[in-house]
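# Structural characterization, general
Take a look at the letters that make up each chain.
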Protein chains: 2
Amino acid sequence: MAGRARQATENAAQADTDKAIKTRSKKVSRNPQRTHATILEAATEEFAAHGFGGARVDAIAARAQTNKRMLYHYFGDKEGLYLAVLEATYATIRNAEKQLDLARRHPEEGMRELALFTWRHFLAHPEFLSLLATENLHHAHYLQRSDKVSAMHSHLIDELADVLRRGEALGIFRPAVDPISVYLTIAALGFFYLSNRHTLSTIFARKLTAPDALNDWGEHIVAVTLASIRA
Amino acid sequence: MAGRARQATENAAQADTDKAIKTRSKKVSRNPQRTHATILEAATEEFAAHGFGGARVDAIAARAQTNKRMLYHYFGDKEGLYLAVLEATYATIRNAEKQLDLARRHPEEGMRELALFTWRHFLAHPEFLSLLATENLHHAHYLQRSDKVSAMHSHLIDELADVLRRGEALGIFRPAVDPISVYLTIAALGFFYLSNRHTLSTIFARKLTAPDALNDWGEHIVAVTLASIRA
DNA sequence: GCATGATATAACTATTTGGTTACAAGTTGG
DNA sequence: CCAACTTGTAACCAAATAGTTATATCATGC
């Protein structure tokens, strides 16, 4: 990677001396977008791993193979960087949620899909869980400061409300079930299991993260959720 | 200001030379146990509020109205203090659990008691939730180091297993329900709701911590738990 | 082609932080 | 009552930390 970049630089220099460059030399040592993205990625890992107070700006710069100056250039300060990480992470989640289209499924199947989607999502994005925990430690201080998060209430809720409505019409779900409570239930079961897996498996001597155990817990979430809303 | 301080110092020096000080300044009294306890309490607040990396040793000393020296004297270093906080907090929980005696209750009532106990416990000890979140961020690194925690698996589990067994015998609970899964379910519903209340109420515009809302969620935990194990 | 602004590097600084030391004063056993 | 030990205070220190400055280099519009 570094070797390739160096070679590209040499090639570009060669081109410079040969003739005026109209040819936009693609990759060179300089690449603002990539630098920006790399810093954000490194910061996500660092903040997720150590929390806000434990994260080190130098470590982020090193992890991104860049320099503190760039980090401050793009994000202002440590708090600005943290906020950018938070917003980017939420944006990822929100995007993923758009894959869901439960409108035509049978309600019971829809609930299952919804619960498993959330569960798999948490599984695939452990950094999201860590950042959430950190942000709550700070009473959502930074999240509240974000103007992008106001319209961020999950698309899941709308899908969920629809599924519940249809299930109620079919007489298989209880009437007047609160969608937010159902969402909280699904999220709680997934979040707690994963977020607290380290202390939990220290206290109970049980391998919570074995593939089978993870699969079983996904089914457990589905079963509990359905049992709690069934007519 | 500096001038005034200097003058005061000179006055004190004057007094010193005038006569030997017999006057025992009243209550600078020493009290090792109290100091120890106060430091632990202050440290619990600080670590719960800012996480391990964000906690400041100076802040703890100040909060305890003592001195860093004492803190290092009693607890060795920052990590030692953190571990002591963790152990003390777990000990509190474990003690509280001993209040439970569900052996003679009707299983359904027993489950209700158990779930509400856990919920109320979390409500009464927000610092426990914060410390758990922090400790999981660190992959339970410090908790694993503790020799006191090995035998710390919850007394709740035994009580719970008994209740489930009796419920199964009466034919009201499903057979072969796993007690740990049930406990995780109860804990998850309580933990997530409280631990993430700040981000949740930022995203959904809902007052999660209103007294009524808290009470309702307690009943929700009971209802979901029972629905998930009923025959 | 070259002036200009954007992108990069590394060395630097002021402050904070965890941890220590010198020493004072209370406590206790003989 | 006094020597030895415990409990306390404050000043101190080296390392780490967030943030800055000086300066170089690339890209590109003119």
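None of these values were measured; they are calculated from a predicted model. (Residues numbered from 1 in each chain as written. Chains lettered and ligands numbered in written order. Predicted model: local features only at pLDDT ≥ 70, side-chain atom pairs only at ≥ 80, totals over all residues. Heavy atoms only, no water.)

### With respect to the interface of chain A and chain B
- Taken together, the contact pairs 52 residues of chain A with 51 residues of chain B.
- Summed over the shared surface of chain A and chain B, the number is 2 salt bridges.
- Taking the shortest distance from any N to any O, the salt bridge between Arg206(A) and Asp178(B) comes out at 3.1 Å.
- For the pair chain A and chain B, the interface holds 8 residue pairs in polar contact (both at pLDDT 80 or more).
- Only α2 (32-54), α7 (126-137), α8 (141-145), α10 (179-195), α11 (197-203) and α12 (211-229) of chain A provide two or more residues apiece to the side of chain A that touches chain B.
- Broken down by element, the residue count for the side of chain A that touches chain B peaks at 12 residues, all from α10(A). (Contact = heavy atoms within 4.5 Å. Salt bridge = Lys/Arg side-chain N within 4 Å of Asp/Glu carboxyl O. Polar contact = N/O pair within 3.5 Å; in protein donor to acceptor, adjacent residues only side chain to side chain. Helix = DSSP H or I, 4+ residues; strand = E, 2+ residues; numbered from the N terminus.)

### Here we look at helix α6 (residues 107-124) of chain B
Residues and elements named next belong to chain B.
- Between the first and last C-alpha of α6 there are 25 Å, a value that for 18 residues agrees with the 26 Å anticipated at 1.5 Å per step.
- Those residues of α6 that fall on the buried side of the exposure criterion are Pro107, Gly110, Met111, Leu114, Ala115, Leu116, Phe117, Thr118, Trp119, His121 and Phe122.
- Looking at the buried residues of α6, the elements they touch are α5 (78-97), α7 (126-137), α9 (155-169), α10 (179-195) and α12 (211-229). (Expected span 1.5 Å × (residues − 1). Buried < 20%, exposed > 50% of the residue type's maximum accessible area, 1.4 Å probe, protein only.)

### So, the UniProt feature "DNA-binding region" (unreviewed entry) in chain A
- Mapped onto this structure's residue numbering, the UniProt feature "DNA-binding region" (unreviewed entry) falls at residues 56-75 of chain A.
- A helix fraction of 75% and a strand fraction of 0% characterise residues 56-75 of chain A, whose end C-alpha atoms lie 15 Å from each other. (UniProt positions renumbered as here; feature names shortened; annotations may be inferred.)

### A word on the packing of aromatic side chains
- Scanning the model with the defined rule gives 22 aromatic pairs over all chains in all.
- Ring geometry for Phe52(A) and Tyr82(A): centres 5.2 Å apart, planes at 75°, overall edge-to-face. Taken together, the residues Phe52(A) in helix α2 and Tyr82(A) in helix α5 (residues 78-97) connect sequence positions 30 residues apart.
- Their ring planes at 85° and their centres at 5.9 Å tell us that Phe204(A) and Tyr183(B) sit as a pair that is edge-to-face. Residue Phe204(A) is found in the loop between α11 and α12, and its partner Tyr183(B) is found in helix α10; the two belong to separate chains.
- Of the residues examined, Phe204(A) reaches a relative accessible area of 7% and is grouped as buried.
- Aromatic rings pair up to connect Phe47(A), Phe52(A), Tyr82(A) and Tyr142(A) into one cluster.
- The ring of Phe52(A) is capped by Lys78(A), whose NZ or CZ atom sits 4.7 Å from the centre of that ring. (Phe/Tyr/Trp six-rings, centres within 6.5 Å; stacked < 30°, edge-to-face > 60°. Lys NZ or Arg CZ within 6 Å of the ring centre and 35° of its normal.)

### Re the relation of the copies chain A and chain B
- Rotating chain A by 180° about the axis while translating it 0.0 Å along that axis superimposes it on chain B, leaving an RMSD of 0.0 Å. Considering both components of the superposition, the chain copies are consistent with a two-fold axis.
- A share of 98% of the interface residues of chain A reappears at the interface of chain B, consistent with the copies meeting face to face through the same patch. (Least-squares fit on C-alpha atoms with pLDDT ≥ 70 in both.)

### A few points about the confidence of the model for chain A
- Averaged over every residue, the pLDDT of chain A is 85; residues scoring 70 or more account for 86%.
- Long-range and interchain partners of residues 1-28 of chain A, a stretch whose pLDDT sits below 50, account for 5 contacts in this model, where long-range means more than four residues apart. (pLDDT = per-residue confidence, 0-100.)

### Focus: the nonpolar core
- Membership of the largest hydrophobic core comes to 142 residues, with the highest contact counts inside it found for Phe47(A), Met111(A), Phe47(B) and Met111(B).
- Once residues lying within four places of it in the same chain are set aside, the contact partners of Phe47(A) are Phe52(A), Ala55(A), Ile60(A), Lys78(A), Leu81(A), Tyr82(A), Val85(A), Leu131(A) and Thr134(A). (Core = buried A, V, L, I, M, F, W, Y, C linked by side-chain atoms within 4.5 Å.)

### Brief notes about the environment of Glu159(A)
All names here are of chain A.
- As for its position among the elements, Glu159 is in helix α9 (residues 155-169).
- Once the C-alpha coordinates of Glu159 and Met111 are considered, the two residues, 48 residues apart in sequence, prove to be 9.7 Å apart.
- Those residues in contact with Glu159, other than ones at most four positions away along the chain, are Leu100, Asp101, Leu102 and Ala103.

### Some points on the pattern of salt bridges
Residues and elements named next belong to chain A.
- The tally for this structure, following the rule as stated, stands at 18 salt bridges over all chains.
- With its nearest N and O atoms 2.5 Å apart, the salt bridge here joins Arg230 to Glu108. In this pair, Arg230 sits in the segment after α12 while Glu108 sits in helix α6 (residues 107-124), placing the two residues 122 residues apart along the sequence.
- The class of Arg230 is partly exposed, set by a relative accessible area of 37%.
- We classify Glu108 as partly exposed; its relative accessible area is 25%.
- Several salt bridges share partner residues, and in doing so they unite Glu45, Glu46 and Arg63 into one network.

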